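# A closer look at the structure
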Amino acid sequence: QVQLVESGGGLVLPGESLTLSCAASGVHFGLDTMAWYRQAPGKERELVASLEATFGTTNYADSVKGRFTISRDNAKPTVYLLMNDLKPEDTAVYFCNARRVIGGSEFWGQGTQVIVSA
């Protein structure tokens, strides 16, 4: 049974940093691609960052490149999203996602709210 639990969201000022955590049970980082998505009010859910299962390759949306970093701690196991230099347009609900490389099954967390506002 896969369970993803996000935490770390909150209200921050523009320019500040925040780290989101995703506690992942039932996940195998060598078999599952991990990712962070976000959904702003009135918009579709979009991919923010991903961490490939096999070689650990990372990919980022153009809007967050150079500001966000996805990483994982195999021992915990937990996936993180370090967000620097936050902007109001980063305001959204952030979701943790796990996708099985074999079979393609997907799993989602419940989301954590991030608000960037002066």
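A brief report on the enclosed structure follows. Owing to the predicted nature of the structure, the values given are computational and were not obtained by experimental measurement.

Thresholds applied
- Residues numbered from 1 in each chain as written.
- Predicted model: local features only at pLDDT ≥ 70, side-chain atom pairs only at ≥ 80, totals over all residues.
- Heavy atoms only, no water.
- Helix = DSSP H or I, 4+ residues; strand = E, 2+ residues; numbered from the N terminus.
- Buried < 20%, exposed > 50% of the residue type's maximum accessible area, 1.4 Å probe, protein only.
- Polar contact = N/O pair within 3.5 Å; in protein donor to acceptor, adjacent residues only side chain to side chain.
- Contact = heavy atoms within 4.5 Å.
- Pairing = 2+ DSSP bridges.

For Asp90, the location among the structural elements is in the loop between strand S8 (78–83) and strand S9 (92–100). Asp90 sits in the buried class, given a relative accessible area of 1%. In this structure the side chain of Asp90 is engaged in a polar contact, spanning 2.8 Å, whose partner is the side chain of Arg67. Look past the residues within four positions of Asp90 in its chain and what remains in contact with it is Arg38, Arg67, Phe68, Asp85, Val114 and Val116.

Okay, the pairing of strand S3 (residues 18–25) next. In this sheet, S3 lies alongside strand S1 (residues 3–7) in antiparallel orientation, the contact comprising five bridges. Bridge pairing in S3 links Glu6 to Cys22.

Function cannot be read off these values alone, since they describe shape.
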